[in-house]
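Descriptive structure summary
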Amino acid sequence: MHLSTEKLAKAYGFLWALRDVCLDFEPGDLTALLGPNGAGKTTLLRLLAGLTGATAGTVRFDGAEFAPGSIELRHKIGFLAPADHLYEHLTAAENLRFFASLYGRPGDTAAIEDNLTAVNLAARGDEYVANLSSGLKCRLSIAKWRLLQPEFLLLDEPYGVLDGSGVDLLEDFLRAQCAHGGIVVIASHHIARALQLCTRAVILHQGRVTFDERKQQPWPSFDRAFGEFLPRGDS
Amino acid sequence: MGQSAQPIKKRRGILGALALIAIAIGLYWGLVVAPPDAYQGEVQRIMYLHLPSILTAYLSYFLVFIGSGMYLWKREKRDDILAHSAAEIGVLFTALTIIEGSIWGRPTWGVWWTWDARLTLTAILLLIYTGYLMLRSLIEDESRAASAAAVLGIIGFLDIPLIHMSVYWWRTLHQPPSILQPNKPPWENVDPSMLIALTISFVGFLLLYFYLLSLRYRYGEMRYEIKARRLAQGS
Amino acid sequence: MTLVKQTALLLWKDLRLELRRRESLMTMFFFGTLLLFVFHFSFDLPPDRVAEMTPALLWLAFLFTGTLGLAQLFNAERENHCLDALLLSPLDRGALFLAKTGFNLVLMLLVEVVVIPLFWILFNLSSWNLLPQIFLVSLLGTVGFCSLGTLMAAITLRARARELLLPLILFPLMIPVILATIRCMENVLRVGEFGEAFAWLRLLLGFDVIFLTVGVLIFDHVIES
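As the structure is a computational prediction, the values presented were derived from the model and not from experiment.

Scanning chain A from N- to C-terminus turns up seven helices and 10 strands. Considered along the principal axes of its C-alpha atoms, chain A spans approximately 50 × 40 × 35 Å. At a minimum sequence separation of 6, the contacts of chain A that also span at least 24 residues come to 68%.

And the structure:
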């Protein structure tokens with residue numbers, strides 16, 4: 001599966017949040033989406049997920065135009081925002097079962113337990129989501145997308161709420177997704193971890209793409225690009 | 001921009017002038033040439049204003065329906081402007097109709113308001129489309145407001161026949177004992193002079209309607225143009 | 001997944017949540033019953049007049065109670081941006097419409113099943129034998145209310161003064177249903193059978209079919225992120 005954007009732009013009222021964004025994603029890409037607050041990272045993710053409509057430009061999946069109204073490709077798309085998209089008063093297991101049915105994936109007890117175990121939540125499967133901390137909710141989200149197996153997964157700042165083992169779980173999961181030919185785009189402020197994880201970095205600044213390269217070791221061009229908007233230098 | 005606007009402005013001006021002339025002739029014919037009604041006397045003459053008003057209002061709501069449907073289908077701004085403009089002018093003409101009906105009702109029935117079928121229907125229409133205008137003004141995001149209003153524009157129009165049926169059944173099944181029949185269509189054994197007056201008046205109102213509609217439409221266009229320019233200038 | 005299955009899935013989810021928290025059902029029950037009491041004090045009716053006023057009072061109570069339900073209809077989706085989660089998924093938007101309509105319908109029917117007999121008791125009515133017909137009319141009217149109400153609730157989701165705007169745009173559109181249900185019930189109570197009120201019943205049915213269909217077809221445009 002191939003994802004691309006053509007001159008993607010989004011305006012809120014009189015302000016442009018994104019302009020002239022042209023990106024191409026290949027299967028196996030693990031892209032770190034970086035940039036300061038307000039750069040447009042969340043907007044871009046929402047456009048790619050088809051949650052918002054673009055003001056100009058298009059998003060294409062395998063050449064076919066994708067917009068909020070398109071339903072056909074949605075079973076291939078995942079969006080992980082740490083504590084979001086979970087029903088507070090359903091249990092962890094019920095949430096997984098619900099979304100599995102919604103996405104047409106196997107939602108039997110074995111599959112659910114398997115995925116809960118993978119994120120160390122098997123013991124809390126029958127607890128209401130409302131009783132889980134944000135870190136645990138994030139793990140549940142990971143379990144959810146592990147169950148749903150989207151070909152294309154977007155993540156919006158997952159590192160903030162996860163503890164050490166949670167981070168390991170997340171990164172193992174993301175690496176596995178890419179190894180199977182999936183595409184992952186992760187927006188984050190945790191530069192060090194994101195850089196370690198990714199195979200490619202894209203920097204957004206004031207709504208425009210200012211950097212887009214595959215990872216190299218060492219990476220002087222990245223240091224330069226990143227240093228431009230971080231007055232004290234990189235982390 | 002100014003080049004193409006000139007011929008349109010000229011055509012609109014001619015339209016307005018024609019409307020004025022037609023209404024003037026219609027009024028003259030209706031007030032002076034045509035004979036007074038056999039039963040109702042002079043006060044019947046308000047029909048030359050009243051009937052065209054309500055018919056034009058219905059035309060307007062039909063245009064709201066068309067504009068709304070087209071907008072949801074093609075998402076072209078011009079359909080949204082049409083729907084919004086037609087709703088505003090429609091509300092104007094509906095309010096006029098009610099006032100005219102009230103003015104007619106006072107000498108005829110001795111009351112300023114009565115719940116006969118026609119007046120009730122007109123009042124309901126006013127409520128529905130005033131609601132449409134309120135909906136638009138209370139949603140901040142322009143495109144969401146346009147979609148929401150388009151849905152209401154379609155549903156409102158589809159409801160009109162049902163409202164008609166229910167109100168007419170209600171009023172005819174429960175006819176209060178002493179009632180004058182104001183609902184007789186005017187072409188039942190009517191002086192041809194009156195028919196002519198009515199027709200000219202109707203043509204005049206139609207022209208006036210389209211004149212006002214084109215003015216309002218232009219206003220709507222300009223608002224979008226201002227938005228687009230501000231957006232182009234924005235960072 | 002078919003439309004029916006998706007609708008069932010969403011409906012199950014809403015009913016499950018409601019069973020746990022019971023906020024909507026409890027508030028609607030209480031409000032409906034409270035209105036009966038208020039009506040009783042407001043309209044000091046002699047026994048022979050009560051039957052005349054019954055349909056109107058009942059339906060006024062249901063209208064306001066139903067509006068309360070509509071205001072809470074998308075509560076579950078408000079938490080944790082769950083509406084986004086649904087829109088993200090391969091969910092047929094028409095299924096969302098049917099599920100929400102069905103959910104409000106279940107809540108309102110539960111309230112009606114209690115409030116109607118309660119009305120008969122509080123207002124000392126004797127026509128208990130006519131309750132099946134009354135329920136039927138109420139059911140058809142409630143379906144109409146829920147379908148149009150869900151549409152209006154969805155388009156006003158992000159509007160300012162949402163709670164005020166919803167009844168403002170909904171009630172004028174509901175007039176056919178209001179007229180039909182009340183006139184129909186009046187006839188039943190007066191004559192003991194539907195008789196000439198069958199025309200009203202057909203109108204109700206037509207209303208329900210039209211707006212359920214329109215709702216399913218148009219809901220993609222209604223609900224956007």
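This part covers the overall build of chain C. Across its full length, chain C holds 10 helices and zero strands. For chain C, the α and β elements follow one another from N to C terminus as α-α-α-α-α-α-α-α-α-α. Taking 225 residues into account, the globule formula puts the C-alpha radius of gyration at 17 Å, and chain C, at 18 Å, falls close to it. Viewed in the frame of its principal axes, chain C has a C-alpha envelope of about 55 × 35 × 30 Å.

In this assembly, 26 residues from chain B lie in contact with 25 residues from chain C. Every element with two or more residues in the side of chain B that touches chain C is listed here: helix 4 (117-138) and helix 5 (142-173) of chain B. With 17 residues, helix 5 of chain B is the single largest residue contributor to the side of chain B that touches chain C. Considered class by class, the residues forming the side of chain B that touches chain C number 20 nonpolar, four polar and two charged.

On to the nonpolar core, then. The biggest cluster of nonpolar side chains holds 190 residues, and the ones touching the most others in it are Leu33 of chain A, Leu135, Ala149, Val151 and Leu152 of chain B together with Leu96 of chain C. Looking at this core, the element that brings in the most residues is helix 5 of chain B, giving 13 residues. Those residues in contact with leucine 33 of chain A that sit more than four places away from it in its chain are Lys41, Leu44, Val185, Ile186, Ala187, Val202 and Leu204 of chain A. Judged by nonpolar contacts, the second largest core, of 10 residues, contains Ile46, Met47, Ala197 and Leu198 of chain B.

Moving on, we get to the packing of helix 6 (residues 93-122) of chain C against helix 10 (residues 198-222) of chain C. All names here are of chain C. One way to put it is that helix 6 packs onto helix 10 with a least axis distance of 7 Å and a crossing angle of 120 degrees. By the angle class used here, helix 6 and helix 10 are oblique. In terms of crossing hand, the pair formed by helix 6 and helix 10 is right-handed. Within the contact between the two elements, helix 6 uses Arg93, Gly94, Leu96, Phe97, Leu98 and Thr101 and helix 10 uses Gly215, Val216, Leu217, Phe219 and Asp220. Residues that form the contact of helix 6 with helix 10 fall into these classes: six nonpolar, three polar and two charged.

For the rest of this paragraph, the subject is the environment of asparagine 75 of chain C. With respect to the element layout, asparagine 75 of chain C can be found in helix 4 (residues 75-78). Residues asparagine 75 of chain C and leucine 203 of chain C, spaced 128 residues apart in sequence, show a C-alpha to C-alpha distance of 32 Å.

Here the focus is the interface of chain C and chain A. The partner chain A presents 23 residues to the 23 residues of chain C that form the contact. Listing elements by their share of the side of chain C that touches chain A, those giving two or more residues are helix 1 (3-21) and helix 5 (82-88) of chain C. Here the side of chain C that touches chain A takes six residues from helix 1 of chain C, the largest share from any one element. Each residue belonging to the side of chain C that touches chain A can be placed in one class, and the counts come to 10 nonpolar, four polar and nine charged.

On to the packing of helix 7 (residues 131-155) of chain C against helix 9 (residues 175-191) of chain C, then. Residues and elements named next belong to chain C. Axis separation between helix 7 and helix 9 bottoms out at 10 Å; the angle between their running directions is 180 degrees. One way to sum up the angle between helix 7 and helix 9 is to call them roughly antiparallel. In this structure, helix 7 contributes Gln133, Ile134, Val137, Ser138, Gly141, Gly144 and Phe145 to the contact, and helix 9 contributes Val177, Ala180, Thr181, Cys184, Met185 and Val188.

So, on to the sheet that holds strand 4 (residues 56-61) of chain A. Two strands in a sheet stick together by hydrogen bonds in their backbones, pointing the same way (parallel) or opposite ways (antiparallel). All names here are of chain A. Taken together, the four strands give an open sheet; going across it, the order is 2-1-4-5, and neighbouring strands pair in antiparallel fashion. The two strands at the open ends of the sheet, each matched to only one other strand, are strand 2 (15-25) and strand 5 (64-66). Between one strand axis and the next, the sheet turns through 35 degrees on average, direction left out of account. Contacting strand 1 (3-12), strand 2 and strand 4, helix 1 (residues 41-48) runs over the sheet at an angle of about 60 degrees to strand 2.

Moving on: the sheet that holds strand 10 (residues 208-214) of chain A. All names here are of chain A. Pairing is mixed in the open sheet, where six strands are placed in the order 6-7-8-3-9-10. Unpaired on one side and paired on the other, strand 6 (77-80) and strand 10 mark the two borders of the sheet. The average angle at which neighbouring strand axes cross in this sheet is 15 degrees, direction not considered. As paired strands, strand 7 (residues 152-156) and strand 8 (residues 183-187) are joined by five bridges and run parallel to one another. The residue bridging leucine 153 from the neighbouring strand is valine 184, located in strand 8. Its contacts with the sheet place helix 1 against strand 3 (30-34), strand 7, strand 8 and strand 9 (200-205), and it is angled at close to 150 degrees to strand 8.

We now examine the environment of serine 68 of chain B. Looking at where serine 68 of chain B falls in the secondary structure, it is placed in helix 2 (residues 47-74). Dropping the residues within four chain positions of it, serine 68 of chain B is found in contact with Ala83, Ala150, Gly153 and Ile154 of chain B.

All names here are of chain A. Each neighbour pair has its own omega, and for glutamine 217 with proline 218 the value is -5 degrees, a cis peptide bond. Here proline 218 shows up in the loop between strand 10 and helix 7 (220-227). A positive phi angle, near 50 degrees, is found at glutamine 206, a position not held by glycine. When you line up the elements, glutamine 206 lands in the loop between strand 9 and strand 10. For glutamine 206, a count of 16 C-beta atoms within 10 Å translates into the label partly exposed.

Structurally, the α-helix is built with 3.6 residues per turn, so residues lying three or four positions apart point the same way. Residues and elements named next belong to chain C. For helix 9, with 17 residues, the first-to-last C-alpha span of 24 Å sits near the 24 Å given by 1.5 Å per residue. Taken across its 17 residues, helix 9 has 12 buried, putting it largely inside the fold. All of the buried residues along helix 9 are Ile175, Pro176, Val177, Leu179, Ala180, Thr181, Ile182, Arg183, Cys184, Met185, Asn187 and Val188. Backbone geometry just downstream of helix 9 places glycine 192 in the positive-phi region, at approximately 95 degrees.

Right, let's talk about the pairing of strand 10 of chain A for a bit. Residues and elements named next belong to chain A. When strand 9 meets strand 10, the two strands line up antiparallel, connected through six bridges. Bridging across to strand 10, leucine 204 finds its partner in valine 209. In textbook terms, the turn of a hairpin is the stretch between consecutive antiparallel strands, and for strand 9 and strand 10 this stretch comprises two residues, one of which, glutamine 206, has a positive phi near 50 degrees.

Before going further, it helps to spend a moment on the environment of phenylalanine 157 of chain B. Residues and elements named next belong to chain B. Topologically, phenylalanine 157 is positioned in helix 5. C-beta crowding within 10 Å serves as the criterion here: with 20 such atoms nearby, phenylalanine 157 is assigned to the buried category. Distance from phenylalanine 157 to proline 107, taken between C-alpha atoms, is 33 Å for residues 50 residues apart in sequence.

The next point concerns helix 1 of chain A. For helix 1 of chain A, a buried count of seven out of eight residues is recorded, marking the element as mostly surrounded by other parts of the structure. Lys41, Thr43, Leu44, Leu45, Arg46, Leu47 and Leu48 of chain A are the residues of helix 1 of chain A that are buried.

Here is what the cut-offs are and how they apply
- Residues numbered from 1 in each chain as written.
- Chains lettered and ligands numbered in written order.
- Predicted model: local features only at pLDDT ≥ 70, side-chain atom pairs only at ≥ 80, totals over all residues.
- Helix = DSSP H or I, 4+ residues; strand = E, 2+ residues; numbered from the N terminus.
- Contact = placed C-beta atoms within 7 Å.
- Rg over C-alpha atoms; globule rule 2.2 N^0.38 Å.
- Nonpolar A, V, L, I, M, F, W, Y, C, P; charged D, E, K, R; others polar.
- Core = buried A, V, L, I, M, F, W, Y, C linked by C-beta atoms within 7 Å.
- Buried ≥ 20, exposed ≤ 12 C-beta atoms within 10 Å, placed from the backbone.
- Axes fitted to C-alpha atoms, helices over the stretch in contact; angles between N-to-C directions.
- Parallel < 35°, antiparallel > 145°, perpendicular 65-115°, else oblique.
- Left-handed = near helix turned anticlockwise from the far one by under 90°.
- Pairing = 2+ DSSP bridges.
- Expected span 1.5 Å × (residues − 1).

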